[in-house]
Amino acid sequence: MPRYAQIVMGPAGSGKSTYCSNMVRHCENIRRQVHVVNLDPAAEHFDYPVLVDVRELIQVDDAMEDESLKFGPNGGLVFCMEYLAQNFDWLHEQLDDIEDDYILFDCPGQIELYTHIPVMRQLVDMLQRWNFNICGVYLIDSQFLLEASKFVSGTLTALSTMVNLETPHVNVMTKLDLLTKRDKKQLDRYLEPTMQGLLYEEFEDEKFSKKFKKLNSAIASMIDDYSLVKFLPLDMSDEDSINDILLQIDTCLQYGEDQEPREMREEGDDPDVDSGFDG
Ligand SMILES: Nc1nc2c(ncn2[C@@H]2O[C@H](COP(=O)(O)OP(=O)(O)OP(=O)(O)O)[C@@H](O)[C@H]2O)c(=O)[nH]1
Ligand SMILES: [Mg+2]
């Protein structure tokens, strides 16, 4: 039986832990069970029931307070994640007894974990070995996207994570409930963007230098070439938006594809009669 994992990633404060709690709550409402694994060794607060907590293996204070290590918070976090990678057996044991295996992995927010060092890729490879179907879920705060040049840099982090992990991938634009009416009106242009179009409008403004425009334009055409960067809108005050995201991710995970045929067989008396064929 395959198992299913959402790897919930994104910059610091983008709403990963909140997404996990809301997804758990939504799934309870629709009578589905999902579990959450906290993979953030620096987490101080989250309000979902936690299945596995990496802080039981190592926490960032351990790396900062250790006399021989003396890391700061960022180096400490990288150290902890590398420690986790050396101790995947621990994680494997913790995940071994779960019967209903649909798990959200709430990851730390340091961007270098996804772009510079191999630990998230190692985690994904390991989960695949443990029979998980995986979907990367990359969250970005809408306030850091709704402006063309910000959008370029946000999109590049999403793109580099996607390319690095090589798994099915969904980008989510979070905190839509905080947008002004004016921002909401222009949202569609950013959810399925043509980068060159976005930049063209913004760069009519004279405040940008020629060099800045040229750089953004070159990056934008590269992003357009991939034509892979879309965002799903997440408004936590709107249950439908959570459900839409879950459905998209389920499709990426091929969730449910193994269960349905079995249920049909269990219900039917005789598969030949059910199929409607005479012979
Ligand atoms: N209004 C609003 N606030 C949100 C939403 N999602 C998250 N927040 C707030 O944003 C802050 C950060 O949210 P978290 O869920 O902790 O973000 P995170 O990505 O887990 O942060 P790190 O683990 O520190 O990287 C908290 O104050 C949340 O309450 C949202 O959809 N709407
Ligand atoms: Mg968090």
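It should be noted that the structure appears before, not after, this text.
Residues numbered from 1 in each chain as written. Chains lettered and ligands numbered in written order. Predicted model: local features only at pLDDT ≥ 70, side-chain atom pairs only at ≥ 80, totals over all residues. Heavy atoms only, no water.

Participant: Which residues make up the side chain of Asp106, and what are the values?
Facilitator: Note on placement: Asp106 falls in strand β4 (residues 102–106). One buried charged side chain, Asp106, makes no salt bridge at all; its nearest oppositely charged neighbour is Lys16, positioned 6.0 Å away. (Helix = DSSP H or I, 4+ residues; strand = E, 2+ residues; numbered from the N terminus. Buried < 20%, exposed > 50% of the residue type's maximum accessible area, 1.4 Å probe, protein only. Lys, Arg positive; Asp, Glu negative; His and termini not counted. Salt bridge = Lys/Arg side-chain N within 4 Å of Asp/Glu carboxyl O.)

Participant: Tell me about the sheet that holds strand β7 (residues 232–233), residues and numbers included.
Facilitator: Strands pair in a sheet through their backbones, by hydrogen bonds, and they do so in one of two ways: parallel or antiparallel. What the 7 strands build is an open sheet, ordered β3-β2-β4-β1-β5-β6-β7; its pairing is parallel. Strands with a single pairing partner mark the edges of an open sheet, and in this sheet they are β3 (50–53) and β7. Summarising the sheet, strand β2 (residues 35–38) and β3 pair through 3 bridges and their orientation is parallel. Paired with Val37 across the strands is Val52, a residue of β3. Here helix α4 (residues 88–95) sits on the sheet in contact with β1 (3–9), β2, β3, β4 and β5 (132–141), set at roughly 160° to β3. Taken strand by strand, helix α7 (residues 148–165) contacts β1, β5 and β6 (169–174), and its axis lies near 170° from that of β5. (Pairing = 2+ DSSP bridges. Contact = heavy atoms within 4.5 Å. Axes fitted to C-alpha atoms, helices over the stretch in contact; angles between N-to-C directions.)

Participant: With reference to specific residues and values, describe the pairing of β4.
Facilitator: Of all 5 residues that make up β4, 5 are buried, and the element is covered over most of its length. Of the two faces of β4, the one lined by Tyr102, Leu104 and Asp106 and the one lined by Ile103 and Phe105 are each fully buried. Two strands pair when backbone bridges link them, and β1 and β4 are joined in this way by 5 bridges, in the parallel orientation. Bridging from a neighbouring strand, Ile7 pairs with Phe105 of β4. Summarising the sheet, β2 and β4 pair through 4 bridges and their orientation is parallel. Across the sheet, the residue bridging to Val37 is Phe105, located in β4.

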